[in-house]
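Take a look at the letters that make up each chain.
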Amino acid sequence: MDPYDTYTDKQLFESLAKTRKQREMDRLLKEIIRRYEKPLATKLRLTIPYDEDLIGLIVNDVFIDVWRKRRKLASVESPRAWLLKVLSFKMSDAIQKVKGREEYVDFTTSDYLEIPENHPDFDEERYEGMVQKIQRAVANMPVQRRVAFTMRVFDGLSIAGIARLRNLNEQTVKNHVGLVRQQLRKMFRKGRKEGYK
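Criteria and cut-off values
Residues numbered from 1 in each chain as written. Predicted model: local features only at pLDDT ≥ 70, side-chain atom pairs only at ≥ 80, totals over all residues. Heavy atoms only, no water. Helix = DSSP H or I, 4+ residues; strand = E, 2+ residues; numbered from the N terminus. Buried < 20%, exposed > 50% of the residue type's maximum accessible area, 1.4 Å probe, protein only. Contact = heavy atoms within 4.5 Å. Areas by Shrake-Rupley, 256 points an atom, 1.4 Å probe, with all protein chains shown as cover. Phe/Tyr/Trp six-rings, centres within 6.5 Å; stacked < 30°, edge-to-face > 60°. Patch = residues over 30% accessible without salt bridge, like charges linked within 9 Å, V, L, I, M, F, W, Y side chains within 5 Å. Salt bridge = Lys/Arg side-chain N within 4 Å of Asp/Glu carboxyl O. Lys, Arg positive; Asp, Glu negative; His and termini not counted. Charge placed at Lys NZ, Arg CZ, Asp CG, Glu CD. Core = buried A, V, L, I, M, F, W, Y, C linked by side-chain atoms within 4.5 Å. pLDDT = per-residue confidence, 0-100.

> In this structure, what is going on with the overall build of the protein? I would like to understand it.
The helix and strand inventory of the protein stands at eight helices and zero strands. Walking the protein from its N terminus toward its C terminus, one meets helices and strands in the order α-α-α-α-α-α-α-α. For the protein, buried positions account for 30% of its 197 residues. Restricting the contact set of the protein to residue pairs at least 6 apart, pairs at least 24 apart contribute 62%. Counting every atom, the protein has about 13600 Å² of accessible surface; 50% of that belongs to carbon and sulfur.

Next up, the structure:
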């Protein structure tokens, strides 16, 4: 087994481009993530200082691009410069998407189910109880299902990205995520009938 931690960045990129062995690809990708996850996040914090969730999503998207474009990485002369370029594109896209979703929320609408923390009707204990209930329910689900749901909902990865990273069929990932959502919906329907006990 090659000690990938002694490889240069260029060697890592070239090896990831050339290898056809799944286990080797996973180890190479993990080493690239280990080297660059913190530096990329630090770079983003200079532009987006208060949104750790968004920073995490953007950095994950960069590594999904590394995986998606792995066969072309052998021609990359400077992996660091390439990653920073991808990061800037991903950051720009993410900021545009976030801006596009920002809209005025009318509190009188019956569609609006979430109550912000500063709203007088916000019940912190009930909210915490619901969060814990969801976490317990997800934690008790089969591993593949739990991992797919967590990556999709909490990490914000695409179905295609999860399928590539987990070496699964896209339909399988959709099924896992859908089953968890279905179980959670049933749980909350039951909870409403019982008065959220």
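> Got a minute to help me understand the packing of aromatic side chains in this structure?
Within a pair of aromatic rings, the relevant descriptors are the distance that separates the centres and the angle that separates the planes. According to the stated counting rule, one finds two aromatic pairs in the structure shown. On the numbers, 5.2 Å between centres and 80 degrees between planes, the contact of Tyr4 with Tyr7 is edge-to-face. In this structure Tyr4 comes out as buried when scored by relative accessible area, which is 5%. Tyr7 sits in the buried class, given a relative accessible area of 18%. Look at Phe13 and Trp82: their rings are 5.8 Å apart centre to centre, the planes differ by 85 degrees, and that puts the pair in the edge-to-face class. Residue Phe13 is found in helix H1 (residues 9-18), and its partner Trp82 is found in helix H4 (residues 79-101); the two are separated by 69 residues along the sequence. Residue classification places Phe13 among the buried residues on the basis of a relative accessible area of 1%.

> Explain a positive patch on the surface here, please?
A contiguous patch of positive charge, built from Arg181, Arg185, Lys186 and Arg189, is present on the exposed surface. Exposure remark for Arg181: the relative accessible area of 39% places this residue in the partly exposed category.

> Hey, could you run me through the nonpolar core in this one?
Core analysis: the biggest nonpolar cluster contains 31 residues, and Leu40, Leu44, Ile58, Val66, Leu73, Trp82 and Leu83 have the highest contact counts within it. When contributions to this core are tallied by element, the ones reaching two or more residues are H1, helix H2 (22-45), helix H3 (52-68) and H4. Dropping the residues within four chain positions of it, Leu83 is found in contact with Phe13, Tyr36, Leu40, Val62 and Val66.

> Before we go on, may I ask you to explain the confidence of the model for the protein in this structure?
Interpretation of the predicted coordinates at a detailed level should be avoided for regions scoring low in pLDDT. Residue-level pLDDT values for the protein average 78, and 79% of them are 70 or greater. No element of the protein has a lower mean pLDDT than helix H5 (residues 124-139), which averages 75, and none a higher one than H1, which averages 93. Contacts for the low-pLDDT stretch residues 102-117, under 50 throughout, to residues beyond four places or in other chains number nine contacts.

> Got a minute to help me understand the environment of Arg45 in this structure?
Along the chain, Arg45 falls in helix H2. For Arg45, the residues in contact, after removing those within four places along its chain, are Glu52 and Ile55.

> Explanation requested: the pattern of salt bridges in the structure shown.
Under the definition given, this model contains ten salt bridges. Here Glu14 and Lys10 are joined by a salt bridge, their closest N and O atoms 3.1 Å apart. Of this pair, Glu14 and Lys10 both sit in helix H1, four residues apart, which is roughly one turn of that helix. By relative accessible area, Glu14 is classed as partly exposed at 25%. Here Lys69 and Asp65 are joined by a salt bridge, their closest N and O atoms 3.2 Å apart. For Lys69, a relative accessible area of 37% gives the class partly exposed. Where salt bridges share partners, they join Asp9, Glu31, Arg34 and Arg35 into one cluster.

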